[in-house]
Amino acid sequence: MAPHVGFNTDQIKDKARKDLLYLLEGVRGKKNLVLERGLAGPINLFVKFSTLQEYGVDKLFFLENGNADVSQRNVVFVARGESARHAQSIADHIKRMQRESQTGHEFSIFWVPRKTLVSEKILEEAGVLGDTTTSEFPLYFLPLEKDLLSLELEDSFSDLYLHRDPTPTFVLARALMLIQQKHGLFPRITGKGDNAKRLADLLARMRQELIAGEDSNETSKLGLTPSTTIESLIVIDREVDYATPLLTQLTYEGLVDEVVRIQNNQADVDSSIVGTVPQPAPGSSKTVGTAPVEAKKQRITLDSSDKLYDQLRDTNFAIIKSLLNKVARRLQNDIDARHSTKTTAELREFVNKLPGYQAEQRSLKIHIALAEEIFKHTRTDQFSRLLEVQQNLAAGADPSSQHEAIEELISRDAPLSEVLRVLCLESCISGGIKHSHLEHFKKMILQAYGYQHLLTLDALEKLQLLLSRSSPMAAMIPMTGAGAVAGAKTNYTYLRKALRLIVDEVNEHDPNDIAYVYSGYAPLSVRLVQSILQKQYLTSITRGGNANNAAGVATGGASQGWRGFDEAVKHARGATFDEVQKGEDKAVKARALLTGSGEKKVVFIVFLGGITFTEIAALRFIAKQEEGMLSSPLSTSHANNSTPARKRIIICTTSIISGNRMMDAAIEKGSLGKNTAQAS
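Quick summary incoming for the structure in this document. Values in this document were obtained by computation on a predicted structure and should not be read as measured data.

## Considerations on the packing of aromatic side chains
Between two aromatic rings, the relevant description is the distance of the centres plus the angle of the planes.
Step number 1: With the rule as written, the count across this model stands at 12 aromatic pairs.
Step number 2: Ring centres of Phe-186 and Phe-604 lie 5.6 Å apart, and the angle between their planes is 65°; this geometry places the pair in the edge-to-face category. Taken as a pair, Phe-186 in the loop between helix 7 (167-183) and strand 8 (188-192) and Phe-604 in strand 13 (residues 601-608) lie far apart in primary sequence, 418 residues in all.
Step number 3: Accessibility expressed as a relative area gives 0% for Phe-186, which makes it buried.
Step number 4: Residue Phe-604 is classed as buried on the basis of its relative accessible area of 0%.
Step number 5: Above the face of the Phe-62 ring, Arg-37 is positioned so that its terminal group lies 4.4 Å from the ring centre.
Step number 6: One residue, Lys-197, lies across the ring of Phe-577, its end atom 5.9 Å from the ring centre.

Okay, here's the thing in C-alpha cells:
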C-alpha cells in the first residue's frame, strides 16, 4: 500500500472544482446558472467561467438581482443552505419563471455546503419543492494561499457575536472533520474561548457519530486514529482578543485592506490610481459571476501568483518605499543588461526572460500606485491623530487623556467607523468606559452622525465592544486563577506585561518579534499561539529579556499545551482547554507504517470569528522561524543548530476581518426621515 500523502491545500481546491463540475454535468444540456452573490468570489478562486461554459452553462445571474431569464429549459441555483432569505429568493424566482414561461423548466438547487430543514421547508411552503431537484455542494474551506484556508463566511462575525448564531462554528467543525477523516485525528486540540470550546466539543461529537455510523473495517478505523503528519490543532476565539482587529493594520497587505478592501484575493481600485489593468483573454479566465466593476474601477488580483506582492504583503508599511525602489532599480538593471549581450545565445536568453520582466514591470507599476494612494491616506493629520490615540491606548495610557483627540475626530466629521473603532478599543482594553464619558460620546455621535445610530450603539453593546464600566458585562476577569467566568473580559492590563504585548524596540527592516506588524504592539491572539509553540522565546522576553538576545525559538511545542503560561491564559476571556485524542493501538501502528516520518509536522491554527491580514503576517513570521527559514537572533550559535524545529503552519479561519468590517456589522445603514423627505 502506498504511503499517505501529507496535507496539501491544492487538494481542497481540486476537490471543490470536481464537486461543482460533477453536479453541473448531472444537469443535461444547456443551463442558466443563478448564483448567490456572496459565493461568486469564492467559486472564482477554483474555477473560471470558460470551464463552466464547457459544462453547459450559458448565462450567469445573481440571485439577489431577481433578473434571471427563461432562455434555457434548465436553471441551476447555487446558494447557502443556512440562509432562509436565499431560500425564499429562490422560491420567488421559480414562481416568477413559471408564470413568465410557456414551456416547462427543470430547476436544480445546489445547497452550499449542505441542505437544511429550514431551506427545504421554505420551498415546500412556497409550493415549489416538488418542482426542484436538490443536491449538496460540500464547499467548506477555500485555499486563499498555500498556508491559508478560509470558509469565506462574510457574516460569520455578526452571526457569532451579534446574533449568537452558532452556524459558523458548526460549518467550521464539519470542515475540520473532513481533514481528520482524510489525514487522521488531530493528536492534540488546544484552545481559548467559549466558542473555541464549543468547536472542540462538536469535533468530539462528530467523531463519536462517525464511529457509531460506520462499518468496522480496518480502513475506516485508520481514518479515526491520531495523525502522524499533523502535530496539533490550536483554536483561538475572536472574542478573546477584540482589541487587535480594532487597531489600524500596519503591514502592506493590511493597509491595502484598510484603504481599498480585499475580498476573495481581489480588490476594486480606482482607475485613476492604477491605470488600466490588462484584462484576461476573452473566455480564457473570465471571472465567475463577479459583480460588474464600476466604470472608474479596476479589479486587481492580490495573491502569491504576483511575486512582488508576495514579497511585500507581510512587511511593515514603513519600509515599502525602500523595497519598491530596490525592486525598480534591480528590474531596470536587468532590462539594461540587453545592451551588453554579445552572442545570439545571450540574446535568446534575454528574449526568453522578457515576458517575466514585463509582468514584473506591470506589477511594480500597480504596487507603486497603490503605495502612493496609501501614503496619501497615512500622511493626513486625521490618520496620524487616530494612530497616536490607538497606540497610546494599546500601551496603557490613561484613557481620559485621549478623549480630547476623540472629540476632535467627531468634530472634524471623521468617518463614523474610525470613531467607533477607537471608542471600542478603549472599552476593550480598559474594561469599559466611565459612564459619564460614554454618555457624552454617545450624545456627540448621535448629534454628528444621526439618531439612527441609536441602533448602532445598541448593536455595539450587544457585541460587548462598547460598554460602560458600570455594566456587569464589563467586569474584568478575576485576578486569582478562578477560571473563566460568564461575561468575563480579557484583562489587557495584566496581559500587557505577562505576555509582553508592547515591545519598545522594533526593527521593521529586519524584525525579530511579531510586534513589528503593529510597530510595537504584539497581537494578543498570536502571543497566545506563541505560548504554545514558542515557549522558551516567550518566557525569555516576558522575564525582562530582549527579543534580540532571546536564547532560542521553541522548546516542546504544542505537545505541552498551555504549560508554563496557565496563569496568564486565565486572564484572557473564555474557556481554556487542552485535549488529547487517542485511537486504538493497532490502528495507530498501522497509520505510522503508512505514513513516512520525514515530513514536517503540520500545526493547524484556527481563528474562529475572523482573522486580520496583520495577524496572518505575524503567524507567517512564526512559521518561518519554525521551518528554520528565518535567519534570526532568536537562536544562539550553540543552541539546537543541528536540528532546527521542523513545523509547517496552516492558518484556518471563518473569514478575513478588520476593524471596519467589525463596525459594518453594527452600523445602521438606514437613515431616519428619508421616507418623510421623499414624500414631501
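## Structural notes on the pairing of strand 1 (residues 31-35)
Step number 1: Summarising burial for strand 1: five of the five residues are buried, a large majority.
Step number 2: Judged by which residues are buried, strand 1 turns out to be covered on both faces: Lys-31, Leu-33 and Leu-35 on one side and Asn-32 and Val-34 on the other are all buried.
Step number 3: Direction of pairing for strand 1 relative to strand 3 (residues 74-80): parallel, over a ladder of five bridges. The partner of Lys-31 across the bridge, within strand 3, is Asn-74.

## Regarding the sheet that holds strand 2 (residues 57-62)
Step number 1: Reading across from one edge, 2-1-3-4-5 is the order of the five strands in this open sheet, with parallel pairing throughout. Bordering the open sheet on either side are strand 2 and strand 5 (132-136), each of which pairs with just one other strand. Between one strand and the next, the sheet's axes are offset by a mean angle of 20°, whatever the strand orientation.
Step number 2: Bridge count for strand 1 against strand 2 is four bridges, and the pairing is parallel. Residue pairing across strands places Lys-31 opposite Val-57, the latter belonging to strand 2.
Step number 3: The strands that helix 2 (residues 37-44) touches are strand 1, strand 2, strand 3 and strand 4 (106-112); relative to strand 3, the one it contacts most, it runs at about 90°.

## Topic: empty space enclosed by the protein
Step number 1: Per the stated rule, a full pass over the model turns up four cavities of 30 Å³ or more.
Step number 2: Each pocket or cavity is described by its volume, and for the largest cavity that value is around 60 Å³.
Step number 3: Considering only residue class, the lining of the largest cavity consists of four nonpolar, one polar and four charged.

## Comments concerning the side chain of Thr-614
Step number 1: Structurally, Thr-614 is set in helix 26 (residues 613-626).
Step number 2: With residues near it in sequence (within four places) discarded, Thr-614 still touches Gln-249, Leu-250, Thr-251, Gly-254, Val-517 and Tyr-518.

## Topic: a nonpolar patch on the surface
Step number 1: On the surface, Tyr-451, Leu-454 and Leu-672 cluster together into a nonpolar patch covering about 340 Å² of accessible area.
Step number 2: Note on placement: Leu-672 falls in the loop between helix 27 (659-666) and helix 28 (674-679).
Step number 3: Assessed through its relative accessible area of 58%, Leu-672 is described here as exposed.

## Regarding the pattern of salt bridges
Step number 1: Applying the stated criterion across every chain yields a total of 31 salt bridges.
Step number 2: Among the salt bridges present, the one from Asp-201 reaches Lys-197, with a minimum N-O distance of 2.7 Å. Of this pair, Asp-201 and Lys-197 are both found in helix 8 (residues 194-213), four residues apart, which corresponds to roughly one turn of the helix.
Step number 3: Taking the relative accessible area as the measure of exposure, Lys-197 reaches 24% and is therefore partly exposed.
Step number 4: The residue Glu-373 makes a salt bridge to Lys-376 at a minimum N-O spacing of 3.7 Å. A residue pair is termed a helical-turn pair when its members lie 3 or 4 positions apart in one helix, as Glu-373 and Lys-376 do in helix 15 (residues 344-378) at three residues.
Step number 5: Of the residues examined, Glu-373 reaches a relative accessible area of 24% and is grouped as partly exposed.
Step number 6: Through salt bridges that share partners, Glu-145, Glu-253, Asp-310 and Arg-313 make up one connected network.

## Side note on the packing of helix 22 (residues 524-533) against helix 26
Step number 1: Between helix 22 and helix 26, the shortest axis-to-axis distance is 10 Å and the interhelical angle comes to 20°. Classified by the angle between their axes, helix 22 and helix 26 sit roughly parallel to one another. Here helix 22 and helix 26 pass one another in a crossing that is right-handed. Listed contacts from helix 26 to Ser-525, Val-526, Val-529, Gln-530 and Leu-533 of helix 22 are Glu-615, Ala-618, Leu-619, Ile-622 and Glu-626.

The rules we used
Residues numbered from 1 in each chain as written. Predicted model: local features only at pLDDT ≥ 70, side-chain atom pairs only at ≥ 80, totals over all residues. Heavy atoms only, no water. Phe/Tyr/Trp six-rings, centres within 6.5 Å; stacked < 30°, edge-to-face > 60°. Helix = DSSP H or I, 4+ residues; strand = E, 2+ residues; numbered from the N terminus. Buried < 20%, exposed > 50% of the residue type's maximum accessible area, 1.4 Å probe, protein only. Lys NZ or Arg CZ within 6 Å of the ring centre and 35° of its normal. Pairing = 2+ DSSP bridges. Axes fitted to C-alpha atoms, helices over the stretch in contact; angles between N-to-C directions. Contact = heavy atoms within 4.5 Å. 1 Å grid on protein atoms, 1.4 Å probe; cavity = no way out; pocket = protein on both sides within 12 Å on 5 of 7 lines; lining within 4 Å. Points joined across faces, edges and corners; volume = space filled by probe spheres on them. Nonpolar A, V, L, I, M, F, W, Y, C, P; charged D, E, K, R; others polar. Patch = residues over 30% accessible without salt bridge, like charges linked within 9 Å, V, L, I, M, F, W, Y side chains within 5 Å. Areas by Shrake-Rupley, 256 points an atom, 1.4 Å probe, with all protein chains shown as cover. Salt bridge = Lys/Arg side-chain N within 4 Å of Asp/Glu carboxyl O. Parallel < 35°, antiparallel > 145°, perpendicular 65-115°, else oblique. Left-handed = near helix turned anticlockwise from the far one by under 90°.

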